[in-house]
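Below, each chain spelled out in residue letters.
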Amino acid sequence: MDNKILLIEDEESIRQFVKINLERSGFEVLEAETGELGIELTKKEKPDILVLDIMLPGIDGFEVCRVLREEFPTMGIIMLTAKSQDIDKIMGLEYGTDDYMTKPFNPMELVLRVKSLVRRMQQKQTKGNTLLKFDPFQIDKYSRKFFKDGVEMDLTPTEYSIIKLFLESPGKAFKRDEILNIIWGEDFIGDSKIVDVNIRRLRSKIEDDPSNPSFIETVWGLGYRWKNK
């Protein structure tokens, strides 16, 4: 495993502890102690995944996420949040993070989250038909690209995984917990809000009127489904 990870964390003790565990698992780890340095290193080194703390000196993790998500839409981002601060989790997801961890955390759990995100990012279709079409959309499962009206759309790794799940089973109603288990893994420690926020982000990107969605339907009391026209 040679995936490159940039750890943006101002507390050196946490940074070193996490770095040791990630390196033991075969990852290459870069470090930044400020958001400004993190942005600079990301543009220079182009890591596969960011592990990003919210509370940073200078610009905070939200702003770092916003800036880098615009330039690197397919990069994986895991945000580190303060314990019990649900608003931080929601805001982080709104800014485009793929996952979050609350402090204090077990570093091995973070390693598992990173590995799960890497699997989502690298999963490719190598046999049979790699194209899924559902007008006006098309998804290329081999290149992991998604198109609307022939124009490629920038999706995060998690957003891509969700849209692929829907297009492979149009009309099927997925429970929130089912989406959570399939996309984030059955060992995910968190709640289904992460699903709702990602659905909201997806709708803002693919729907003509996100407040009145034509494709991703809410199944009240259950979850979501792709409308099978």
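As a reminder, the structure under discussion sits directly above these lines.
Residues numbered from 1 in each chain as written. Predicted model: local features only at pLDDT ≥ 70, side-chain atom pairs only at ≥ 80, totals over all residues. Heavy atoms only, no water.

What follows is about the sheet that holds strand β5 (residues 99–102). In spatial order, the strands read β2-β1-β3-β4-β5; together these five strands make up an open sheet with parallel pairing. The strands lining the two open edges of the sheet, one partner per strand, are β2 (28–32) and β5. Ignoring strand direction, the axes of neighbouring strands in this sheet form an average angle of 20°. Direction of pairing for strand β4 (residues 76–81) relative to β5: parallel, over a ladder of four bridges. (Pairing = 2+ DSSP bridges. Helix = DSSP H or I, 4+ residues; strand = E, 2+ residues; numbered from the N terminus. Axes fitted to C-alpha atoms, helices over the stretch in contact; angles between N-to-C directions.)

Okay, helix α6 (residues 157–168) next. Its 12 residues give α6 an end-to-end C-alpha distance of 17 Å, which sits within 8% of 16 Å, the value for a rise of 1.5 Å per residue. Counting buried positions along α6 yields 11 of 12 residues, so the element is predominantly enclosed. (Expected span 1.5 Å × (residues − 1). Buried < 20%, exposed > 50% of the residue type's maximum accessible area, 1.4 Å probe, protein only.)

A few words on the sheet that holds strand β11 (residues 216–219). An order of β10-β12-β11 is seen for the three strands of this open sheet, with the pairing classed as antiparallel. Looking at which strands have only one partner, the edges of the open sheet turn out to be β10 (173–175) and β11. Ignoring which end each strand starts from, the neighbouring axes of this sheet average 30° apart. Where β10 lies against strand β12 (residues 223–226), three bridges are found, and the strand directions are antiparallel. For K175, the partnering residue across the bridge sits in β12 and is G223. Against the sheet, helix α8 (residues 193–206) touches β11 and β12, its axis set at about 145° to β11. (Contact = heavy atoms within 4.5 Å.)

The next thing to look at is the layout of surface pockets. Approximately 310 Å³ is the volume attributed to the largest pocket. Taken together, 15 residues make up the lining of the largest pocket; nearest its centre are T74, S143, R144, K145 and L155. When contributions to the lining of the largest pocket are tallied by element, the ones reaching two or more residues are β8 (145–148), β9 (151–153) and α6. Residue classes in the lining of the largest pocket are distributed as seven nonpolar, three polar and five charged. (1 Å grid on protein atoms, 1.4 Å probe; cavity = no way out; pocket = protein on both sides within 12 Å on 5 of 7 lines; lining within 4 Å. Points joined across faces, edges and corners; volume = space filled by probe spheres on them. Nonpolar A, V, L, I, M, F, W, Y, C, P; charged D, E, K, R; others polar.)

With that out of the way, let us pick up the environment of E178. If you trace the backbone, E178 turns up in helix α7 (residues 176–183). Classification of E178 as partly exposed rests on a relative accessible area of 26%. Remark: the alpha-carbon pair of E178 and V195, spanning 17 residues in sequence, is separated by 10.0 Å. The contacts of E178, once residues within four sequence positions are left out, are K172 and A173.

As a further point, take the packing of helix α2 (residues 35–45) against helix α3 (residues 61–71). In contact at an axis separation of 10 Å, α2 and α3 are set at 15° when each is read in the N-to-C sense. As the angle between them shows, α2 and α3 are arranged roughly parallel. Our pair here, α2 against α3, has a crossing hand that is right-handed. In this structure, α2 contributes G35, G38, I39, T42 and K43 to the contact, and α3 contributes V64, V67, L68 and E71. Classifying every residue of the contact of α2 with α3 gives four nonpolar, three polar and two charged. (Parallel < 35°, antiparallel > 145°, perpendicular 65-115°, else oblique. Left-handed = near helix turned anticlockwise from the far one by under 90°.)

With the rule as written, the count across this model stands at 22 salt bridges. When the shortest N-O distance is used, the salt bridge between E109 and R113 registers 3.0 Å. A residue pair is termed a helical-turn pair when its members lie 3 or 4 positions apart in one helix, as E109 and R113 do in helix α5 (residues 107–122) at four residues. The exposure class assigned to E109 is partly exposed, which follows from its relative accessible area of 22%. Judged by relative accessible area, R113 falls into the buried class, the value being 6%. A salt bridge links D196 to R176, with the shortest nitrogen-to-oxygen separation between them at 2.8 Å. You can see D196 sitting in helix α8 and its partner R176 sitting in helix α7, a full 20 residues away along the chain. Within this structure, R15, K19, E23, E31 and E33 form a network of salt bridges that share partners. (Salt bridge = Lys/Arg side-chain N within 4 Å of Asp/Glu carboxyl O.)

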